[in-house]
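Structure assessment
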Amino acid sequence: MMWGYGAGGWGMGLMIFTTLVFWGALITAIVLAARYMGRTTSRDMPPREAAPEDILAQRFARGEIDSDEYQARLATLRGRHDHPIGT
């Protein structure tokens, strides 16, 4: 004798499948939200200050200084004073 309206084999399998999909989607959403919240963006980080050699190279590339002045100033920045400016 059968009691009530049982779900049967297919119904039970479908219930297990949907439960697994639900919990998988919930866990995935939590992990993705945690990653998104923990991520730092470029606007959160302070701007990087340009190195003196980079600024000098940019001035040379723009044509503000010539090759001799670039080499002399670069030597000064690197601690070598064997190439004076203007000579």
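Just above, that's the structure.
Residues numbered from 1 in each chain as written. Predicted model: local features only at pLDDT ≥ 70, side-chain atom pairs only at ≥ 80, totals over all residues. Heavy atoms only, no water.

A short note on the overall build of the protein
Tallying secondary structure elements over the protein gives three helices and zero strands in all. Along its sequence from the N terminus, the protein presents helices and strands in the succession α-α-α. The burial tally for the protein puts 7% of its 87 residues in the buried class. Just so you have it, the protein exposes about 8,000 Å², and 64% of that area is on carbon and sulfur atoms. (Helix = DSSP H or I, 4+ residues; strand = E, 2+ residues; numbered from the N terminus. Buried < 20%, exposed > 50% of the residue type's maximum accessible area, 1.4 Å probe, protein only. Areas by Shrake-Rupley, 256 points an atom, 1.4 Å probe, with all protein chains shown as cover.)

Points about a nonpolar patch on the surface
On the surface, Phe22, Trp23, Leu26, Ile27, Ile30 and Val31 cluster together into a nonpolar patch covering about 590 Å² of accessible area. Inspection of the secondary structure puts Ile30 in helix α1 (residues 8-38). Judged by relative accessible area, Ile30 falls into the exposed class, the value being 52%. (Patch = residues over 30% accessible without salt bridge, like charges linked within 9 Å, V, L, I, M, F, W, Y side chains within 5 Å. Salt bridge = Lys/Arg side-chain N within 4 Å of Asp/Glu carboxyl O.)

Focus on the environment of Phe60
Secondary-structure assignment places Phe60 in helix α2 (residues 52-62). As for Phe60 and Gln71, which are separated by eleven residues in sequence, their C-alpha atoms are 9.8 Å apart. Residues in contact with Phe60, not counting those within four places in the same chain, are Ile65, Asp66, Ser67 and Tyr70. (Contact = heavy atoms within 4.5 Å.)

Quick word on the packing of aromatic side chains
Applying the stated criterion across every chain, the model contains two aromatic pairs. Each ring, one from Phe22 and one from Trp23, has its centre 5.1 Å from the other, and the planes form 75 degrees; the classification is edge-to-face. Assessed through its relative accessible area of 48%, Trp23 is described here as partly exposed. Taken together, a centroid distance of 4.7 Å and an interplanar angle of 20 degrees make the contact between Phe60 and Tyr70 stacked. Here Tyr70 lies in helix α3 (residues 67-77) and Phe60 lies in helix α2, a separation of ten residues in the sequence. (Phe/Tyr/Trp six-rings, centres within 6.5 Å; stacked < 30°, edge-to-face > 60°.)

Observations regarding the packing of α2 against α3
Viewed as axis vectors pointing N to C, α2 and α3 meet at an angle of 180 degrees, and their least axial separation amounts to 10 Å. It follows that α2 is roughly antiparallel to α3 by the angle criterion. Facing Pro52, Glu53, Leu56, Ala57, Arg59 and Phe60 of α2, the residues of α3 in contact are Ser67, Tyr70, Arg73, Leu74 and Leu77. In terms of residue class, the contact of α2 with α3 is made up of seven nonpolar, one polar and three charged. (Axes fitted to C-alpha atoms, helices over the stretch in contact; angles between N-to-C directions. Parallel < 35°, antiparallel > 145°, perpendicular 65-115°, else oblique. Nonpolar A, V, L, I, M, F, W, Y, C, P; charged D, E, K, R; others polar.)

With respect to the pattern of salt bridges
Counted by the stated rule, this structure contains four salt bridges. Where Arg73 meets Glu69, a salt bridge forms, and the shortest distance between an N and an O atom there is 2.7 Å. Of the two residues, Arg73 and Glu69 both sit in helix α3, four residues apart, roughly one turn of that helix. For Arg73, a relative accessible area of 30% translates into the label partly exposed.

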